[in-house]
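Working through the structure, step by step
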Amino acid sequence: ASRLEAAGFTVLLTRPNLEDDPELSERGALAGKNNAVLFLSLHSNAPGSSTPPDRYPLVRGVMTFYSLTAREENAPFAAELNNTAAEIMQTDNRGIMIREYPGVPEDDYYGVIRAAAKSGCRQAFLIEHGFHTNIDDATFMTDDACLEKLADAEAAVIIKHFG
């Protein structure tokens, strides 16, 4: 947030304090309520149920989901954010993807993305910054100096995108 604010952006955090835990739909809806042009949800990942627990430590990498709304505009932006995060973290690049809500074509699966898009913020992304079950990814994500590098790099992508 501070890097973007220094570049002239107004930044609204959905969780300004660790204790804050608004509903996912409420987080996304804040984007539209505040006329945001970008919604970015930052996460760490966990292996899915199809991965055996003994393989959890082996799964790693960055992946970025982007809104079905404005796909052509969102895909290259998502790719640049994802590629930058993977490079800075020196982890696997698991790529970018969209995910539709089951049975509702053209509706985003992830609640934060769906709520942001439905609130009018067409550029909505969820970045999975590595797997907290992988020691290398987790070590990076818990090191303040590493997080500073990641914040600088992602802010540079956003600043470049918006000019």
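Below: a short report on this structure. Quantities reported herein were computed from a predicted structural model and do not represent experimental measurements.

Observations regarding the pattern of salt bridges
Applying the stated criterion to the full structure yields eight salt bridges. The residue Arg-71 makes a salt bridge to Glu-100 at a minimum N-O spacing of 3.8 Å. In this pair, Arg-71 sits in helix α3 (residues 71-89) while Glu-100 sits in strand β4 (residues 100-101), placing the two residues 29 residues apart along the sequence. The network of salt bridges with common partners includes Arg-3, Glu-148 and Asp-152.

So, helix α6 (residues 144-162)
Look at α6: 27 Å from first C-alpha to last across 19 residues, which is about the 27 Å you get at 1.5 Å a residue. Among the residues of α6, those classed as buried are Cys-146, Leu-150, Ala-153, Glu-154, Ala-155, Val-157 and Ile-158. Buried-residue contacts for α6 involve α1 (2-6), β1 (39-45), α3, β6 (124-131) and α5 (135-141). Remark: Gly-163 follows α6 within two positions and exhibits a positive phi of approximately 85°.

What counts and how
Residues numbered from 1 in each chain as written. Predicted model: local features only at pLDDT ≥ 70, side-chain atom pairs only at ≥ 80, totals over all residues. Heavy atoms only, no water. Salt bridge = Lys/Arg side-chain N within 4 Å of Asp/Glu carboxyl O. Helix = DSSP H or I, 4+ residues; strand = E, 2+ residues; numbered from the N terminus. Expected span 1.5 Å × (residues − 1). Buried < 20%, exposed > 50% of the residue type's maximum accessible area, 1.4 Å probe, protein only. Contact = heavy atoms within 4.5 Å.

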